[in-house]
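# Fold and geometry: a report
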Amino acid sequence: MTYDVITIGGATLDIFLDISESSDACCVISDRTGEWFCLKRGEKLPVDNLHYDVGGNAANVAVGLSRLGLSVATYIHYGSDEISQKIVNVLQNERVGTEFLVKDEGKTSSIGIAINFQGERTLLVHHIKRDHKLPAISIPKWLYLTSVGDVWQPLYQQVVDFVKANNV
């Protein structure tokens, strides 16, 4: 299939936690270096709302472009845990082509936890190291390349070579 756009990057499962602004187990402290979000050590903090969704720049852009009516696929790596299947299911339900997904056996998903408190979010992220190698992809009109982690140089060079060779 020919796609309008193929996104290249990462996908995560993002968990969003909303903590009441009146919580006495959380605070914000300011000093000369900025603002610090503090949690009372050893406490069990009530969460007002919880929701989760697929995140990561490549997945988010693919879903957004699909919702705008473009034909989109994505090249991402994902793990072999149950959370990873949620990522695949969401992409498929959003009509994002998944034939370029790579399942990393024995690895988990990357996770992001967003704690929302007093109108600001603090992110906790756990990115899994992946061995990226550009697969044989169809030639799209556009490629959208975003972050893939610490070892990005080989993949980025492969994408540059692909773009030049195929006039993408």
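Predicted model, so just to flag it, every value in this text is computed and none were measured.

A few words now on the sheet that holds strand β12 (residues 142-145). Here four strands make up an open sheet; going across it, the order is β8-β6-β1-β12 and the pairing parallel. Single-partner strands in this sheet number two, and they are β8 (96-97) and β12. The pairing of strand β6 (residues 72-75) with β8 spans two bridges and is classified as parallel. Its bridge partner being in β8, Val-72 is matched across the sheet by Val-96. Relative to β12, helix α3 (residues 153-166) is tilted by about 165 degrees, and along the sheet it contacts β1 (5-8), β6 and β12.

This next bit is on helix α2 (residues 82-93). Between its first and last C-alpha, α2 extends 17 Å over twelve residues, near the 16 Å set by a 1.5 Å rise per residue. Within the span of α2, buried status applies to Ser-84, Ile-87, Val-88, Val-90 and Leu-91. Angular distribution of buried residues about the axis of α2 spans 160 degrees; they occupy a single face of the element. Opposite the packed face of α2, turned more than 90 degrees from it, sit the exposed residues Glu-82 and Asn-93. Those residues of α2 that are buried lie in contact with β2 (12-18), β5 (49-55), α1 (57-67), β6, β7 (77-78) and β8. Arg-95 lies just past α2 and shows a positive phi near 65 degrees.

Moving on: the confidence of the model for the protein. Detailed reading of the predicted model is not advised wherever pLDDT is low. When the pLDDT values of the protein are averaged, the result is 92; 100% of them are 70 or greater. Between the elements of the protein, mean pLDDT differs from a low of 88, seen in strand β3 (residues 26-31), to a high of 98, seen in β8.

The next thing to look at is the pairing of strand β10 (residues 110-117). Counted residue by residue, β10 has six buried out of eight residues, so it is predominantly covered. One ladder, built from seven bridges, connects β2 with β10; its direction is parallel. Within β10, the position partnered with Leu-13 by the bridge is Ile-111. Between the end of β10 and the start of strand β11 (residues 120-126), which pair antiparallel, lie two residues, with Gln-118 showing a positive phi angle near 55 degrees.

Turning to the packing of aromatic side chains, a few remarks are in order. The tally for this structure, following the rule as stated, stands at three aromatic pairs. Taking 5.6 Å as the distance between ring centres and 45 degrees as the angle between the ring planes, the aromatic pair formed by Phe-37 and Phe-117 counts as tilted. Here Phe-37, found in strand β4 (residues 34-39), pairs with Phe-117, found in strand β10; they are 80 residues apart in sequence, far enough to count as distant. With relative accessibility at 24%, the residue Phe-37 sits in the partly exposed group.

Before going further, it helps to spend a moment on the nonpolar core. Grouped together as the largest cluster of nonpolar side chains are 17 residues, with contacts concentrated most on Ile-76, Ile-87, Leu-91 and Leu-101. Residue assignment for this core shows that the elements contributing at least two residues are α1 and α2. Ranked by the residues each element gives to this core, the list is headed by α1, at five residues. Apart from residues no more than four positions distant in its own chain, Ile-76 is found in contact with Gly-9, Gly-10, Ala-11, Ala-58, Ile-87, Leu-91, Phe-100, Leu-101 and Val-102.

Now for the sheet that holds β10. Strand order in the open sheet formed by four strands is β5-β2-β10-β11, and the pairing between neighbours is mixed. A single partner strand is all that each edge strand has here, and the edge strands are β5 and β11. When the angles between neighbouring strand axes are averaged without regard to direction, this sheet yields 20 degrees. Strand direction decides the pairing type here: β2 and β5, joined by seven bridges, are antiparallel. Paired with Leu-13 across the bridge in β5 is Val-54. Lying on the sheet, α2 is in contact with β2, β5 and β10; it crosses β5 at an angle near 70 degrees.

What counts and what doesn't
Residues numbered from 1 in each chain as written. Predicted model: local features only at pLDDT ≥ 70, side-chain atom pairs only at ≥ 80, totals over all residues. Heavy atoms only, no water. Pairing = 2+ DSSP bridges. Helix = DSSP H or I, 4+ residues; strand = E, 2+ residues; numbered from the N terminus. Contact = heavy atoms within 4.5 Å. Axes fitted to C-alpha atoms, helices over the stretch in contact; angles between N-to-C directions. Expected span 1.5 Å × (residues − 1). Buried < 20%, exposed > 50% of the residue type's maximum accessible area, 1.4 Å probe, protein only. Arc of directions from axis to C-beta. pLDDT = per-residue confidence, 0-100. Phe/Tyr/Trp six-rings, centres within 6.5 Å; stacked < 30°, edge-to-face > 60°. Core = buried A, V, L, I, M, F, W, Y, C linked by side-chain atoms within 4.5 Å.

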